[in-house]
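For reference, the chains in residue letters:
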Amino acid sequence: MINLSQQEIALYRRCVNEVLAGFHAPSMEQTVGVSYAILMKEDAAFYALRKSSGDTGNNDLSIPVRPLVIAEAIRQFAEDFQARTGSPVEEGYRLLEKAKKAS
């Protein structure tokens, strides 16, 4: 289980959204370790969690945070990462390391 701040949850969701819509991997499952359909379901679950918990809710997540999704967003959009996610690429790397340690 991983505990993320609301800002980290928002950054992860933006990474997921970029992976889902920002580019087309030849084989998403091979690239990020999960199918498009599963990633869509997880994104919807994150949205519901964020909407229900607000800024002070429990952020211990039972929804997987997938390091490969973060890594692929960084790889694809390194130069434009901040423009696309609203966060500096360094924050992406910090989230990636946190997700790797939790998995």
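Residues numbered from 1 in each chain as written. Predicted model: local features only at pLDDT ≥ 70, side-chain atom pairs only at ≥ 80, totals over all residues. Heavy atoms only, no water.

Notes on the pattern of salt bridges
Right, on to step 1. Applying the stated criterion across every chain yields a total of 6 salt bridges.
Right, on to step 2. Taking the shortest distance from any N to any O, the salt bridge between Arg75 and Glu72 comes out at 2.7 Å. Here Arg75 and its partner Glu72 are both found in helix H4 (residues 67–77), 3 residues apart, which amounts to about one turn of the helix.
Right, on to step 3. Here Glu72 falls in the buried class, since its relative accessible area comes to 7%.
Right, on to step 4. Salt-bridge contacts for Lys100 lead to Glu97; the nearest nitrogen and oxygen are separated by 3.7 Å. Of this pair, Lys100 and Glu97 both sit in helix H6 (residues 89–102), separated by 3 residues, roughly a single helical turn. (Salt bridge = Lys/Arg side-chain N within 4 Å of Asp/Glu carboxyl O. Helix = DSSP H or I, 4+ residues; strand = E, 2+ residues; numbered from the N terminus. Buried < 20%, exposed > 50% of the residue type's maximum accessible area, 1.4 Å probe, protein only.)

Here we look at H6
Right, on to step 1. Under the 1.5 Å per step criterion, the end-to-end length of H6 is 20 Å for 14 residues, consistent within 8% with the ideal 20 Å.
Right, on to step 2. Looking only at H6, the buried set comprises Val89, Gly92, Leu95, Leu96 and Ala99. Angularly, the buried residues of H6 cover 110° about the axis, an arc narrow enough to put them on a single face. Away from its buried face, by an angle of more than 90 degrees, H6 presents the exposed residues Arg94 and Lys101. (Expected span 1.5 Å × (residues − 1). Arc of directions from axis to C-beta.)

Structural notes on the side chain of Arg13
Right, on to step 1. Following the sequence through the fold, Arg13 ends up in helix H1 (residues 6–22).
Right, on to step 2. Among all residues touching Arg13, those that are not within four sequence positions of it are Asp43, Phe46 and Tyr47. (Contact = heavy atoms within 4.5 Å.)

Overview of the nonpolar core
Right, on to step 1. Tyr12, Val19, Leu39, Val65, Val69, Ile70 and Phe81 are the most contacted members of the largest nonpolar core, which has 25 residues in total.
Right, on to step 2. It is H1 that contributes the most residues to this core, 7 residues altogether.
Right, on to step 3. Not counting the four nearest positions on each side in its chain, Val19 is found in contact with Met28, Val32, Leu39, Val69, Glu72 and Ala73. (Core = buried A, V, L, I, M, F, W, Y, C linked by side-chain atoms within 4.5 Å.)

Observations regarding the confidence of the model for the protein
Right, on to step 1. When the pLDDT values of the protein are averaged, the result is 84; 85% of them are 70 or greater.
Right, on to step 2. At the low end of the mean pLDDT range in the protein sits strand S2 (residues 60–61), at 60; at the high end sits H6, at 95. (pLDDT = per-residue confidence, 0-100.)

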